[in-house]
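Survey of secondary and tertiary structure
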Amino acid sequence: MSRLIVVSNRVPDIGKGPPPGGLAVALKAALEKRGGIWMGWSGKSSGSKEPGPLHVEDRGGITFALSDLSRRDLSEYYAGFANSVLWPLCHYRLDLTDYARKDMAGYFRVNRFFAERLRPLIRPDDIIWVHDYHLIPLASELRRLGVENRMGFFMHIPWPSPDVFLTLPVHEAIIGGLTAYDVVGFQTKHDATNFASGLEREGIGGDAGDGWMEAYGRRFRAGTFPISIATREFAELARRAVRTAAVRRFADSLEGRDLIIGVDRLDYSKGLTHRIDGYEKFLAANPAWHGRTTMLQVTPKSRTEVPGYAAMQREVAESAGRVNGAIGRLDWVPIRYVNRAIDQKVLAGLYRVARVGMVTPLRDGMNLVAKEFVAAQDPEDPGVLVLSRFAGAAQELDGAILVNPYDIEAVGNALAKALSMPLEERRARFTPMMQQLSEHDISRWCSDFLDVLRG
Ligand code: G6P
């Protein structure tokens, strides 16, 4: 069996830090099975003008190859082009894109740097799987260095419609980067179609049928591979978590109120202020629910070095404070807002305790919180998922109450419907979703992609 090389900007601390998430677990299993290398950024700055040396370390049969990046790399490649251009662009926030030639040059430079460091580690029959928008040009840089191995790319975030994508001044270089792969994977059919229409609009290629696309005369496989979670393990985690002291203490503190839960990185794509406004609308329209429900919003800080994020941090805190100040009572706080990460096991337990999961991003590649929320439910008495139609997960989780997150009143109405939904309907919605997640879990996602990549 050929070895697998995974490359991603972030590399989980497998065997070191807290237990890794679903993606890390699945890729780790694939790497252990075949033997392989996981390369990426160490998560640290070298503190100087140059990137740090390559740290190579074997842990549990996997070779980790990590580099500290220089301050300039982090500013141009990570905070700059990846997170101030590609991220807002792919999430339809043209107002937040901040394009600068020097950041674009830094993005390509860091990709070349990773390619040069990876080159000597590659054996002829290795297969290479590159992840996410930070590393689109990696394959073309490797090809330039003579690497002929099979290479696949998976885009974890949305691919925008041509009207949005073509505003990117270097869109040709990005498309050209993708054509160097043998397989390009998207989360949903919609993303793949957007990509193909962009090629057609520019007259440089398009969908070539039968799972193939073509651009600049080069053909590559393209398909949809909706990412998932370790469904069985997560369900089991949630089942055990509700018995832990931390989750019990929290459940007691609700004093019989129905819990609405939201868990999102602090990001403008997540629609946090819209969600809080929707909850406020719900409370304003339904005074009978005052004192009978609590919304818990867990929002770890994220990308604080990128300008749009600091503003978002303030706005979310202000919105939550406004609702609590206006509607809260001496004995009832409508929103509990936690601005830091919470242990995964505790989260799983909170999902199971909750009556409603609110996953209302304005735009999201997939959204695994939606899937985890479903997997965490008690099949006998499941909670209800309120899900944005603009999350990739909405393509699969049709037992959710689907909402347009921009329509604040609709979000409020969805909450009212979710909170008063009878048990029978909750079960009827939950069962097919759970079945979908059990059949299409993260290990299936991983093997589906690798089967196509192996060719
Ligand atoms: C999204 C991206 C990932 C990224 C994660 C956290 O899920 O698709 O590639 O790792 O956000 O963002 P960060 O910038 O902290 O890596």
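Residues numbered from 1 in each chain as written. Predicted model: local features only at pLDDT ≥ 70, side-chain atom pairs only at ≥ 80, totals over all residues.

When its secondary structure is counted, the chain shows 16 helices and 16 strands. The C-alpha atoms of the chain give 22 Å as radius of gyration, which agrees with the globular expectation for 455 residues (23 Å, within 12%). Considering only C-alpha atoms, the chain reaches an extent of 70 × 50 × 45 Å along its principal axes. Evaluated residue by residue, the chain yields a buried proportion of 47% over its 455 residues. (Helix = DSSP H or I, 4+ residues; strand = E, 2+ residues; numbered from the N terminus. Rg over C-alpha atoms; globule rule 2.2 N^0.38 Å. Buried ≥ 20, exposed ≤ 12 C-beta atoms within 10 Å, placed from the backbone.)

In this section: the sheet that holds strand β16 (residues 401-403). Paired through backbone hydrogen bonds, the strands of a sheet run either parallel or antiparallel to each other. Taken in spatial order, the six strands make up an open sheet running β13-β12-β11-β14-β15-β16, and their pairing is parallel. Each of the sheet's edge strands pairs with one partner strand only, and the pair in question is β13 (335-338) and β16. Sheet twist, expressed as the mean angle between neighbouring strand axes with direction ignored, is 20°. Taken together, the three bridges between strand β15 (residues 384-388) and β16 define a ladder with parallel strand orientation. (Pairing = 2+ DSSP bridges. Axes fitted to C-alpha atoms, helices over the stretch in contact; angles between N-to-C directions.)

A word on the packing of helix α10 (residues 272-285) against helix α11 (residues 307-327). The geometry of α10 relative to α11 is characterised by a closest axis approach of 9 Å and an angle of 10° between their N-to-C directions. What the angle tells us is that α10 and α11 run roughly parallel. Across from Leu 272, Thr 273, Ile 276, Asp 277, Tyr 279, Glu 280 and Leu 283 in α10, the residues of α11 making contact are Glu 315, Val 316, Ser 319, Ala 320, Val 323 and Ile 327. Here the contact of α10 with α11 is composed, by residue class, of eight nonpolar, two polar and three charged. (Parallel < 35°, antiparallel > 145°, perpendicular 65-115°, else oblique. Contact = placed C-beta atoms within 7 Å. Nonpolar A, V, L, I, M, F, W, Y, C, P; charged D, E, K, R; others polar.)

In this section: the site of the ligand. In the neighbourhood of the ligand, the contacting residues comprise Arg 10, Asp 132, His 156, Ile 157, Ser 302 and Arg 303. When its residues are assigned to classes, the shell around the ligand shows one nonpolar, two polar and three charged. (Near = placed C-beta within 6 Å.)

A word on helix α7 (residues 189-201). In a regular helix each residue adds 1.5 Å, so 13 residues correspond to 18 Å; α7 covers 18 Å between its end C-alpha atoms and thus fits that length. For α7, the set of buried residues is Asp 191, Ala 192, Asn 194, Phe 195, Ala 196, Gly 198 and Leu 199. Of the residues one or two after α7, Gly 203 is the one with positive phi, at around 70°. (Expected span 1.5 Å × (residues − 1).)

Turning to the nonpolar core, a few remarks are in order. Within the largest apolar cluster, 138 residues are counted, with the highest numbers of intra-cluster contacts made by Val 7, Ala 370, Leu 385, Val 386 and Leu 387. In terms of residue count, helix α2 (residues 71-90) provides more of this core than any other element does, 11 residues in total. A domain split of this core shows at least three residues from each of domain 1 (4-224) and domain 2 (231-438). What Val 7 contacts, discounting residues up to four positions off in sequence, is Met 39, Gly 40, Phe 114, Leu 118, Ile 128, Val 130, His 131, Leu 135 and Leu 138. (Core = buried A, V, L, I, M, F, W, Y, C linked by C-beta atoms within 7 Å. Domains from an automatic or database assignment.)

Interface extent is often summarised as the accessible area lost during association of the parts. Taken domain by domain, the chain holds domain 1 (4-224) and domain 2 (231-438). Domain 1 and domain 2 are separated by 31 Å when their C-alpha centres are compared. Each side of the interface is counted separately: domain 1 has 15 residues, and domain 2 has 14 residues. Element by element, the count of residues in the side of domain 1 that touches domain 2 is highest for α2, at three residues. Split into classes, the residues belonging to the side of domain 1 that touches domain 2 amount to seven nonpolar, seven polar and one charged.

The next thing to look at is unusual backbone geometry. One non-glycine residue with positive phi stands out, namely Tyr 92, at about 65°. Note on placement: Tyr 92 falls in the loop between α2 and α3 (101-118). Among the residues examined, Tyr 92 registers 17 C-beta atoms within 10 Å and is labelled partly exposed. The phi angle at Asn 367 is positive, at roughly 85°, despite the residue not being glycine. Structurally, Asn 367 can be placed in the loop between β14 (356-359) and α13 (368-375).

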